Amino acid sequence: MKFFLSPPHMSGKELDYIKEVFESNYIAPLGEFVNRFEESIKAYTKTPNALALNSATAALHLALRVAGVKQNDTVLASSCTFIASVAPIKYLGAKPIFIDCDESLNLDVNLLKLALKTSPKKPKALILTHLYGNASKIDEILQICKENDLILIEDAAEALGSFYKGKALGTFGEFGVYSFNGNKIITTSGGGMLISPDKTKLEKARFYSTQARENCLHYEHLDYGYNYRLSNVLGAIGVAQMEVLEERVLKKRQIYEWYVEFLGDELSFVPELDDERANRWLSVAFLGLDKNELFAYEKKDFCVQKKIALDPKISRLIEDLKNLGIESRPLWKAMHMQKVFEGESAYLNGNSELFFSKGICLPSATAMSKDDVKEISTLILKSLRA
Ligand SMILES: Cc1ncc(COP(=O)(O)O)c(C=O)c1O
């Protein structure tokens, strides 16, 4: 491949820090760099408590567990997301209720209200994904959570570096989650972070993340936990990556602007909210999207598997680019269309399906130059006009 979707982009300091880890012999399990990584996330997001973990999926699982979600509880969740946002609901034997998206690909507030009004059982929590680094309508959602005694868990796996009204996405809810998976805005090769304003809850998550071992000399267990902590070697990568996070955000935003400049006449893009600074983790574009077709209906339904077809122009474009060594991808296929969730409840408006068929994630590698983006855009236009 000549251009990947969102490959790792090292700062150059990673190996120096890894060397320090090896010299100290704190290869595992924890060590100075895990602490430093947590401190740097706390400082950047202005949040008081952070827990470094081996994935964002683990962070979501811990958040739900600490939130007290148990078997047969219900949990509301954004439907238009990656499965990792919601799989932990199933780990706990709870039931998801999926909510379709608005024009920004994020949770539709009206459908959330409808779900709360009509759900037979009071949901315990809401997992809110800020998709592709774009902010959800957080002010309204916070208010709804407060009025309905709902625990808000922000899946900001894709949104580290995004801010709304000057506040980091992930810091609005009772829990926030970031991912350092290989394709994220910064990476530790694999890793995640759980943050919370509540020290007691975060410390409970820390306890569960290391097998729920009681504080005594021998191994004593009154509860079960998980093996979810991040290693010190990966913590070292995280510290080096945090040093360039802001640079990466500015570059991702620049790449998005370049695509709008080169493709804006043919493709449409997701706008930012007022007062938002999105990280533009992936530049997402749509072909032939008629905004009048959005919000076609508003209804409660049950999930059914949908073999929904991509618009043939989008699938051909992705194929053409692949043949030229350029990686692009369809958007996430929403959870309510997935076989694995057949029969679960969903509140739908048709938007996720429309976006899925018309959307494409464009190469968004931060090492790309303006000429690279111009070359990719020229090839896109050529494919569309063929
Ligand atoms: C929206 C979203 N949630 C959760 C995850 C899970 O992150 P991780 O791979 O670190 O478990 C990802 C990415 O992988 C994601 O894109």
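Structure: see above.
Residues numbered from 1 in each chain as written. Predicted model: local features only at pLDDT ≥ 70, side-chain atom pairs only at ≥ 80, totals over all residues. Heavy atoms only, no water.

Novice: Mind showing me how you'd approach the overall build of the protein here?
Specialist: Looking only at helices and strands, one finds 12 helices and 15 strands in the protein. Its C-alpha atoms give the protein a radius of gyration of 21 Å, near enough to 21 Å, the size a compact globule of 386 residues would have. Across the 386 residues of the protein, 58% fall into the buried class. As displayed, the protein has an accessible area near 16300 Å², and 53% of this comes from carbon and sulfur atoms. Each charge class in the protein can be summarised by its mean position, and for the 48 positive and 50 negative side chains these summaries are 3 Å apart. (Helix = DSSP H or I, 4+ residues; strand = E, 2+ residues; numbered from the N terminus. Rg over C-alpha atoms; globule rule 2.2 N^0.38 Å. Buried < 20%, exposed > 50% of the residue type's maximum accessible area, 1.4 Å probe, protein only. Areas by Shrake-Rupley, 256 points an atom, 1.4 Å probe, with all protein chains shown as cover. Lys, Arg positive; Asp, Glu negative; His and termini not counted. Charge placed at Lys NZ, Arg CZ, Asp CG, Glu CD.)

Novice: What should I look at first to understand the state of the cysteines in this one?
Specialist: One way to say it: the disulfide is the covalent bond shared by the sulfur atoms of two cysteines. For the structure on display, the rule yields 0 disulfides. Not engaged in a disulfide, the cysteine Cys-361 finds its nearest cysteine sulfur in Cys-80; these two sulfurs lie 9.8 Å apart. (Disulfide = S-S within 2.5 Å.)

Novice: Help me out: how do you make sense of the packing of helix α10 (residues 312-323) against helix α12 (residues 370-385) in this one?
Specialist: The packing of two helices is summarised by the inter-axis angle and the distance between the axes. Look at α10 against α12: their axes get within 10 Å of each other, and the N-to-C directions meet at 130°. Relative to α12, the element α10 lies oblique. Once α10 is placed against α12, the crossing between them reads as right-handed. When α10 is examined against α12, the residues Arg-316, Leu-317, Asp-320 and Leu-321 are found in contact with a partner set consisting of Leu-379, Ile-380, Ser-383 and Leu-384. Across the contact of α10 with α12, the residue classes break down as 5 nonpolar, 1 polar and 2 charged. (Axes fitted to C-alpha atoms, helices over the stretch in contact; angles between N-to-C directions. Parallel < 35°, antiparallel > 145°, perpendicular 65-115°, else oblique. Left-handed = near helix turned anticlockwise from the far one by under 90°. Contact = heavy atoms within 4.5 Å. Nonpolar A, V, L, I, M, F, W, Y, C, P; charged D, E, K, R; others polar.)

Novice: Hey, could you run me through the nonpolar core in this one?
Specialist: Burial of nonpolar side chains together is a common tendency in soluble globular proteins. In this structure, Ile-41, Leu-126 and Leu-160 are the most contacted members of the largest nonpolar core, which totals 69 residues. Looking at this core element by element, the count peaks at 6 residues for helix α8 (residues 232-242). Built from parts of two domains, this core gets at least three residues from each of domain 1 (14-242) and domain 2 (245-385). Look past the residues within four positions of Ile-41 in its chain and what remains in contact with it is Lys-46, Ala-50, Leu-160, Tyr-178, Phe-180, Met-193, Ile-195 and Met-242. Ranked by size, the runner-up nonpolar core spans 39 residues in total, among them Ala-58, Ala-59, Tyr-226 and Leu-348. (Core = buried A, V, L, I, M, F, W, Y, C linked by side-chain atoms within 4.5 Å. Domains from an automatic or database assignment.)

Novice: Got a minute to help me understand helix α6 (residues 138-147) in this structure?
Specialist: Because an α-helix packs 3.6 residues into every turn, residues spaced three or four apart end up facing the same way. Among the residues making up α6, those that are buried are Ile-138, Ile-141, Ile-144 and Cys-145. Buried residues of α6, seen end-on, are gathered within an arc of 125° and therefore sit on one face of the element. Facing away from the buried side of α6 by over 90 degrees, the exposed positions are Lys-146 and Glu-147. Looking at the buried side of α6, the elements it contacts are α5 (109-118), β4 (125-129), β5 (151-155) and β6 (163-164). Backbone geometry just downstream of α6 places Asp-149 in the positive-phi region, at approximately 55°. (Arc of directions from axis to C-beta.)

Novice: Can you walk me through the site of the ligand in this structure?
Specialist: Close contacts around the ligand come from 15 residues, with Thr-57, Asp-155, Glu-158, Ser-179 and Lys-184 the closest. The side chain of Asn-181 places a nitrogen or oxygen atom 3.1 Å from an oxygen atom of the ligand. A distance of 3.2 Å is found between an oxygen atom of the ligand and a side-chain nitrogen or oxygen belonging to Lys-184. Contact with the protein chains covers 93% of the free accessible surface of the ligand, which is 380 Å². Across the shell around the ligand, the residue classes break down as 4 nonpolar, 8 polar and 3 charged. (Near = heavy atom within 4 Å. Polar contact = N/O pair within 3.5 Å; in protein donor to acceptor, adjacent residues only side chain to side chain.)

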